Amino acid sequence: YTPLLDRFSKELNMQEGKEYLHIAAHKKEISLLRDALSKSESANAILVGEPGVGKTTIIKGLGKQMRAGRSTYTLNYKRLVLIDMNAVLSEKSFGGLAETLTTLLQQAEAAGNVVLAIDNIEQYLIPGSSVNVAQILLPFLKSSRINISGPATRGGYEKSIAQNSLMRTIFEAVPVEEPSRETMI
């Protein structure tokens, strides 16, 4: 039962899309992401690459595998949801950012069948920034009942995660390059 999570997210593995070509071009990265999220401890991942190389498509590709039961036994049939952080950040009626995000994460953790994706996750993990949610996320990042992933630019990753030894141990970096012309054919 995840009413707040449902309010502030959208399911990625329930969407049908025309992204097959791009998913096929990123089989290696989908496999790396799947392996990172299937670990028994600190099963969180950051897709690191430049804008437009297909990081979100890779997450959706894994979602399709999970939905079809073609992933790992730890991920098969789990929900893959993208948190709308803009909506969470602007929430005033529920008690503000900290209370909303904490409750949302508690619901996902209690459900035990949720993999979360946070777009541009590096923006929310920069120490000293006005929107640093790392302290709220930290206990959930260490939990074995929830997986958190997200795309990040190289520069954002370097500023927010690579500089922080704790975050480097919690998140596995999955490098993403633009598919080669040969891969696309």
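Residues numbered from 1 in each chain as written. Predicted model: local features only at pLDDT ≥ 70, side-chain atom pairs only at ≥ 80, totals over all residues. Heavy atoms only, no water.

Take helix α8 (residues 154–162) next. Those residues of α8 that sit buried are Gly156, Tyr157, Ser160, Ile161 and Ala162. Along the axis of α8, the buried residues cluster in a sector spanning 155°; they form a single face. The elements touched by buried residues of α8 are β2 (44–48), α9 (165–170) and β6 (171–175). (Buried < 20%, exposed > 50% of the residue type's maximum accessible area, 1.4 Å probe, protein only. Helix = DSSP H or I, 4+ residues; strand = E, 2+ residues; numbered from the N terminus. Arc of directions from axis to C-beta. Contact = heavy atoms within 4.5 Å.)

Further remarks concern the pattern of salt bridges. If you walk through the whole model with that rule in mind, you get 6 salt bridges. A salt bridge links arginine 79 to aspartate 6; the shortest N-O distance between them is 2.7 Å. Pair noted here: arginine 79 is in strand β3 (residues 79–83) and aspartate 6 is in helix α1 (residues 3–7), with a separation of 73 residues, a long-range link. Its salt-bridge partner being arginine 154, residue glutamate 177 comes within 2.6 Å of it at the nearest N-O pair. Of this pair, glutamate 177 sits in the loop between β6 and α10 (181–184) while arginine 154 is found in helix α8, placing the two residues 23 residues apart along the sequence. Each of Asp6, Glu11 and Arg79 takes part in salt bridges that share partners, so that together they form one network. (Salt bridge = Lys/Arg side-chain N within 4 Å of Asp/Glu carboxyl O.)

Turning our eyes to something else, we now look at the environment of alanine 68. Here alanine 68 is to be found in helix α4 (residues 55–68). Classification of alanine 68 as partly exposed rests on a relative accessible area of 42%. In this structure the C-alpha to C-alpha distance between alanine 68 and glutamate 172, which are 104 residues apart in sequence, comes to 25 Å.

Looking now at unusual backbone geometry. In this model, serine 42 sits at a positive phi of 45°, which is unusual for a non-glycine residue. One can find serine 42 in the loop between α3 (27–37) and β2. With phi around 65°, tyrosine 77 is a residue other than glycine that occupies positive phi space. Counting through the fold element by element, tyrosine 77 comes out in the loop between α4 and β3.

Another point: the nonpolar core. Within the largest apolar cluster, 35 residues are counted, with the highest numbers of intra-cluster contacts made by Leu104, Leu105, Leu116, Ile148 and Phe171. The element best represented in this core is helix α7 (residues 134–141), accounting for 6 residues. Those residues in contact with phenylalanine 171 that sit more than four places away from it in its chain are Asn44, Ala45, Ile46, Ile121, Leu125, Leu141, Ile148 and Ile161. Listed in part, the 20 residues of the second largest apolar core include Ile30, Ala36, Leu75 and Val176. (Core = buried A, V, L, I, M, F, W, Y, C linked by side-chain atoms within 4.5 Å.)

This part covers the sheet that holds β3. Read from one edge to the other, the open sheet built from 6 strands follows the order β1-β3-β4-β5-β2-β6, with strand pairing classed as mixed. Either end of the sheet is taken by a strand with one partner, and the two such strands are β1 (9–11) and β6. The mean inter-strand angle of the sheet, taken between neighbouring strand axes irrespective of direction, is 25°. In the sheet, β3 pairs with strand β4 (residues 114–118) via 5 bridges, with the strands oriented parallel. Each residue of the ladder has a partner; that of valine 81, found in β4, is leucine 116. (Pairing = 2+ DSSP bridges. Axes fitted to C-alpha atoms, helices over the stretch in contact; angles between N-to-C directions.)

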